[in-house]
Amino acid sequence: MKSPDFVRALANLYAVQLHLCSARSPSSYTLARSVHAHMIASGFKPRAHVFNRLVDIYCKSYNLVYAQYLFDECPQPDVIARTTMIAAYSAAGKLKLAGEIFGGTSFHMRDTVFYNAMITAYSHNDDGHAAIQLFCDMRRDGFRANDYSFSSVLSALALVIENVKQCQQLHCAVVKSGAGLTSTVFNALLSVYIKCATSLQLSPSLMVAARKLFEEMPERDDPSWTTMITGYVKNDDLLTAKELLDGMNEKFGGGWNAMMSGYMHHGLYHEALDVFRKMLSSEIQLDEYAYTNVISACANAGFFNFGKQVHAYILKNVVTPTPAFSLPVNNALITLYWRCGKIEQAHEIFNRMTVQDLVSWNAILSGYVNVGRIDEAKNFFEVMPEKNLLTWTVMISGLAHSGCGEEGLKLFNQMKLLGFKPCDYAFAGAITSCSVLGSFEQGRQLHAQLLRFGFESSLSAGNALITMYARCGVVDDAHSLFLKMPCVDSVSWNAMIAALGQHGHGAQAIEFFQQMLKAGILPDRITFLTVLSACSHAGLVNEGRQYFDIMYKCYNISPGEDHYARLIDLLCRAGKFSEAKEVMKLMPFEPGVQIWEALLAGCRIHGNIDLGIEAADRLLQLIPQHDGTHVLLSNMYAVVGRWEDVAKVRKLMRDRGIKKEPGCSWIEVDSKVHVFLVDDAVHPEVQLVYDYLQNMVHEMRKIGYVPDTKFVLHDMEFDQKESALSTHSEKLAVAFGLMKLPRQATVRVFKNLRICGDCHNAFKYMSKLVDREIVVRDGKRFHHFRDGKCSCGDYW
DNA sequence: CTAGGGTTAG
């Protein structure tokens, strides 16, 4: 046990120490933690001012939980502690808790400062009316409003003002009110003018009035300059903002930060960096806003090296940053690191932060989503302490882009049930989910909902819709949407070229590409990927090669592995293996997974067994557990009738525990979607369809559509060969559709697995037999079978 | 202890 004297001495020491450091100083947080720990260990109950000091430090370092804990420990918290807590709750957006403290404080304890804190709490949380009401109550109850009260209520008024007249009336009222006309009050008034200018779309006249007020102010401090410069920035007048900043002689940092942020939001990253460099070389104090702005600009613009240098500079020159300092800076750093491909470092920064807020969580979540590590992203999503609209949106679009369409849609509905109003990005994610699933009906409903929400001119949602319509089989709808969109960007053009290409309309895709160039849109690396795919799917070998060449020559885009893979794919599908090998020799890097996959797929089609085995060997070294490689290898052996080797690969797959996905098809009949599974023996129509197919196989053999020796079996054993064709689910589905649909109607099949050679043959035959179009989705591509031929020109 | 301004996540 400590003696009472010792504890008293300690208490005095604490009080002095805490009194000496500012609440925002770097060491205050560490000191508070050790004092707090000591208090708990020794059972020491300090006097109110020490409590208040600790509460204040915790609040200022965003450590609301500790502050709350201390506050609850206070036997009788005085008005100062209460004021501090109200401010902290307000900053954390917990208006209700702030209100509880306010309401639970008796009248005789209250003072003006206490009222001011609550007025500010309301106005910071966008409840202007409540703030104004409380300001009136305060004066009615006999408390004198001071300049802080006026500043607070002015910012509340900015929230509710509806027209210019009110704005000017307010100006007069303030002058007459007898408020101490301090610079704070002027700044608040200036801010009212500028907020109105921005929201009422009457910017010119109000900005002139604001500037007049600014010039007439008795003295202009840092916030005055910041407010005025921000005003111009918010009204998209960067030129005037810059002029004003250049005319400023004081060493205030706020205006510079505002300027940097303005440049960044207009995509002028070089200018933003210039501002930062000027700040560095002048005597302006760099603060967290400056660092946050510049790091964010670097992350957005891809200036990763500069960003990392700033990080190093901070670590070297800013001693022991407090959590309050480091929170926004670290949040920006998380984004910087994952954007430059260093997700592990981003994670480490996240882990090392003493406090994380929602922004930190969203930043790291986006990181994992954007590098495609969806399982880790899901884990973060699960354990997040709170979620906002952005959280949900990021997760939904992440799931959709990782192929988890069902989960994406589920989350979208969950989000709506929780009362979040989806933004256009959220819609885009949900729509992309439909593309993945091929759910045309749901996609159309989402489109209708989107219009009801007033997002008809949204670029991101529009682009997602183009892809959705295309991947649900209706290119025409995609096209008419593209034409209806009020403005389009390169993503829209890419989506449209992809839509045409995926449906085998190679020539039209190229035509669209030419139109894009004519419209003055610069093609990017995605454009070329898309164009090359289109050529490959339609068998346009020469065109594809030509576009591959101009990519670097005319547009200075160096082809990546993905571009080379498309080119190899194009050549191999056409059977030009020696040329493909030539390309691989001249390639500036070693072939990776994508290249070998393209090669193997081509070999499978043409039965080029030697090259195919080499490709498969390489692939199995690179990705030993990949099911697709095994399937392709086994199919290739099947193409040349090496059934023993097929069986060996099958055994290998079993030994390695590789399970192939069950084949599953969706077929659209009378707008209802029927599902067939490979082993769907319970489906009442299966036997009927089976007989239909047996008969069809027989007929196909007679005219040579199904060569006996080139039967490709991808999920059967060798001895099941005879029944293979009739058990393939997609063919069952088509047969079913043909029997049910009225003549001439188009049959659409949506399937996410690759179709095989015998499917392709069967579809061709069926289309001729029944004289109608059959549309089959094969991964991201489509085959249109008509009159015994396929749109892919048999370059499948 | 309270005010006015500039920041971070897609």
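Residues numbered from 1 in each chain as written. Chains lettered and ligands numbered in written order. Predicted model: local features only at pLDDT ≥ 70, side-chain atom pairs only at ≥ 80, totals over all residues. Heavy atoms only, no water.

Student: Just checking my understanding: could you explain the protein's contact with DNA strand B for this structure?
Tutor: Around DNA strand B sit 50 residues, and of these Thr184, Asp221, Asp222, Asp287 and Asn331 come closest. The sugar and phosphate moieties of DNA strand B supply 47% of its atoms located within 4 Å of the protein. One of the side-chain nitrogen or oxygen atoms of Asn187 is found 2.7 Å away from a base nitrogen of DNA strand B. Between DNA strand B and Asn293 there is a distance of 3.4 Å, counted from a sugar or linking oxygen to a side-chain nitrogen or oxygen. Tallying contributions element by element places helix α13 (residues 222-234) first for the surface near DNA strand B, with six residues. Residue composition of the surface near DNA strand B, by class: 14 nonpolar, 28 polar and eight charged. (Near = heavy atom within 4 Å. Polar contact = N/O pair within 3.5 Å; in protein donor to acceptor, adjacent residues only side chain to side chain. Helix = DSSP H or I, 4+ residues; strand = E, 2+ residues; numbered from the N terminus. Nonpolar A, V, L, I, M, F, W, Y, C, P; charged D, E, K, R; others polar.)

Student: Please explain the environment of Phe782 as it appears in this structure.
Tutor: By the element assignment, Phe782 lies in strand β5 (residues 781-786). C-alpha separation for the pair Phe782 and Phe736, spaced 46 residues apart in sequence, amounts to 19 Å.

Student: Honestly, the pairing of strand β4 (residues 774-778) in this entry has me stumped. Any pointers?
Tutor: Each regular strand carries side chains that alternate between the two faces of the sheet. Among the five residues in β4, five count as buried, and that is most of the element. By the bridge criterion, three bridges tie strand β3 (residues 747-750) to β4 in an arrangement that is parallel. Considered in β4, the bridge of Val749 is made with Val776. Bridge analysis of β4 against β5 gives five bridges, and the strand direction is antiparallel. Across the sheet, Arg777 pairs through a bridge with Phe782, a residue of β5. Counted along the chain from β4 to the antiparallel partner β5, the turn is two residues long, and its residue Gly779 has a positive phi close to 65 degrees. (Buried < 20%, exposed > 50% of the residue type's maximum accessible area, 1.4 Å probe, protein only. Pairing = 2+ DSSP bridges.)

Student: Quick question: what am I supposed to make of the nonpolar core here?
Tutor: Soluble, globular proteins show a tendency: their nonpolar side chains are buried together. The biggest cluster of nonpolar side chains holds 221 residues, and the ones touching the most others in it are Met85, Ile86, Met228, Ile295, Ile334, Ile568 and Leu599. When residues in this core are grouped by element, the largest group, 10 residues, is from helix α11 (residues 183-199). Here Ile86 is in contact with Ala98, Ile101, Phe102, Phe114, Ala117, Met118 and Ala121, once residues within four sequence places are set aside. The next biggest cluster of nonpolar side chains, apart from the first, holds 27 residues, and it includes Val669, Met696, Phe736 and Val749. (Core = buried A, V, L, I, M, F, W, Y, C linked by side-chain atoms within 4.5 Å. Contact = heavy atoms within 4.5 Å.)

Student: What is the right way to read the confidence of the model for chain A from this model?
Tutor: One rule of thumb: low pLDDT means the predicted coordinates there are not for detailed reading. Confidence in the prediction of chain A, expressed as mean pLDDT, is 87, and 91% of residues score 70 or more. Of all the helices and strands in chain A, helix α40 (residues 721-727) carries the lowest mean pLDDT, 59, while helix α23 (residues 389-401) carries the highest, 97. Low confidence marks residues 709-719, where pLDDT is under 50. Its contacts with residues over four positions away, or in another chain, come to 45 contacts. (pLDDT = per-residue confidence, 0-100.)

Student: Any chance you could explain the UniProt feature "repeat: PPR" (unreviewed entry) in chain A here in plain terms?
Tutor: The feature "repeat: PPR" (unreviewed entry), as given by UniProt, occupies residues 111-145, 252-286, 357-387, 388-422 and 489-523 in the numbering adopted here. Secondary structure across residues 357-387 divides into 74% helix and 0% strand, with the first and last C-alpha atoms of the span separated by 10 Å. With 74% helix and 0% strand, residues 489-523 has its two end C-alpha atoms placed 10 Å apart. (UniProt positions renumbered as here; feature names shortened; annotations may be inferred.)

Student: Would you mind going over the side chain of Arg777 with me for this structure?
Tutor: Turning to its location among the elements, Arg777 is positioned in strand β4. Here Arg777 occupies a buried position and makes no salt bridge, while the nearest side chain of opposite charge, Asp778, is found at 8.3 Å. For Arg777, the side chain forms a polar contact with the main-chain oxygen of Val436, separated by 3.0 Å. (Lys, Arg positive; Asp, Glu negative; His and termini not counted. Salt bridge = Lys/Arg side-chain N within 4 Å of Asp/Glu carboxyl O.)

Student: What should I look at first to understand the packing of aromatic side chains in this one?
Tutor: Throughout the structure, instances matching the rule amount to 26 aromatic pairs. Judged by centre distance (5.5 Å) and plane angle (75 degrees), the ring pair of Phe102 and Tyr115 falls under edge-to-face. Pair noted here: Phe102 is in helix α6 (residues 95-103) and Tyr115 is in helix α7 (residues 112-124), with a separation of 13 residues, a long-range link. What makes Tyr115 buried here is its relative accessible area of 1%. (Phe/Tyr/Trp six-rings, centres within 6.5 Å; stacked < 30°, edge-to-face > 60°.)

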